[in-house]
Amino acid sequence: MTQRSAPMPASLRSGRPRHPAYDHRCPHCSAAPHARCTTISGRHTKTAPCPARITTWVVTTAVCTTCQVAPGTPCHDNGRPIDGHHPARENEAKEDVA
């Protein structure tokens, strides 16, 4: 007879910590919050979050020191929106997590 046990809480799991971008829905592969990113077909999971998911995390959590925008506002280059974010903004987001 097999006994079922309760799932282990994330705070007790050993291993490396999850990337903070997993707290947001992925705009590229549509992975749900706290779920791993997948290929577009959804048949394979990725080992790292999609770059679009990282950009979403960076834009929603950090202030950009390059273009001086607040969290939630996309980066720009002299008023023109850019794809992604400035590297300095990602550094700020990483410092906020640490």
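In this text, all values refer to a predicted model and were calculated from it rather than measured experimentally. (Residues numbered from 1 in each chain as written. Predicted model: local features only at pLDDT ≥ 70, side-chain atom pairs only at ≥ 80, totals over all residues. Heavy atoms only, no water.)

## Some thoughts on the overall build of the chain
Link 1 in the chain: Each helix and strand counted, the chain has two helices and two strands in total.
Link 2 in the chain: Going from N to C terminus, the chain has its helices and strands arranged as α-β-β-α.
Link 3 in the chain: Taking 13 Å as the expected radius of gyration for a compact globule of 98 residues, we find that the chain reaches 17 Å, considerably beyond that expectation.
Link 4 in the chain: In terms of principal-axis extent, the alpha carbons of the chain reach across some 65 × 35 × 15 Å.
Link 5 in the chain: Sorting the 98 residues of the chain into buried and exposed places 24% on the buried side.
Link 6 in the chain: Taking the contacts inside the chain whose residues are at least 6 apart along the sequence as the reference set, 37% of them involve residues at least 24 apart.
Link 7 in the chain: Of the roughly 7200 Å² of accessible surface on the chain, 53% is carried by carbon and sulfur atoms.
Link 8 in the chain: Positive and negative side-chain charges of the chain, numbering 12 and 7 respectively, have mean locations separated by a distance of 17 Å. (Helix = DSSP H or I, 4+ residues; strand = E, 2+ residues; numbered from the N terminus. Rg over C-alpha atoms; globule rule 2.2 N^0.38 Å. Buried < 20%, exposed > 50% of the residue type's maximum accessible area, 1.4 Å probe, protein only. Contact = heavy atoms within 4.5 Å. Areas by Shrake-Rupley, 256 points an atom, 1.4 Å probe, with all protein chains shown as cover. Lys, Arg positive; Asp, Glu negative; His and termini not counted. Charge placed at Lys NZ, Arg CZ, Asp CG, Glu CD.)

## Looking at the pattern of salt bridges
Link 1 in the chain: Under the defined criterion, the tally for this structure stands at one salt bridge.
Link 2 in the chain: With its nearest N and O atoms 3.6 Å apart, the salt bridge here joins Glu 90 to Lys 94. Of this pair, Glu 90 and Lys 94 are both found in helix α2 (residues 87-97), four residues apart, which corresponds to roughly one turn of the helix. (Salt bridge = Lys/Arg side-chain N within 4 Å of Asp/Glu carboxyl O.)

## Section: the packing of helix α1 (residues 51-61) against α2
Link 1 in the chain: The interhelical angle for the contact between α1 and α2, taken along N-to-C directions, is 75°, at an axis separation of 9 Å. With respect to each other, α1 and α2 are oriented roughly perpendicular. Counted together, Ile 54, Trp 57, Val 58, Val 59 and Thr 61 of α1 and Arg 89, Glu 90, Ala 93, Lys 94, Asp 96 and Val 97 of α2 form the full contact between these two elements.
Link 2 in the chain: Here the residues of the contact of α1 with α2 sort into six nonpolar, one polar and four charged. (Axes fitted to C-alpha atoms, helices over the stretch in contact; angles between N-to-C directions. Parallel < 35°, antiparallel > 145°, perpendicular 65-115°, else oblique. Nonpolar A, V, L, I, M, F, W, Y, C, P; charged D, E, K, R; others polar.)

## Re the confidence of the model for the chain
Link 1 in the chain: Per-chain confidence: the chain averages 88 in pLDDT, with 97% of residues scoring 70 or above.
Link 2 in the chain: Mean pLDDT across the elements of the chain ranges from a minimum in α2, with 91, to a maximum in α1, with 95. (pLDDT = per-residue confidence, 0-100.)

## Some thoughts on the nonpolar core
Link 1 in the chain: Within the largest apolar cluster, six residues are counted, these being Ala 21, Ile 54, Trp 57, Val 58, Ala 62 and Ala 93.
Link 2 in the chain: The element that contributes the greatest number of residues to this core is α1, accounting for three residues.
Link 3 in the chain: Dropping the residues within four chain positions of it, Ala 62 is found in contact with Ala 70, Pro 71, Arg 89, Glu 92, Ala 93 and Asp 96.
Link 4 in the chain: Membership of the second largest hydrophobic core comes to five residues, among which are Cys 26, Cys 29, Ala 31 and Cys 37. (Core = buried A, V, L, I, M, F, W, Y, C linked by side-chain atoms within 4.5 Å.)

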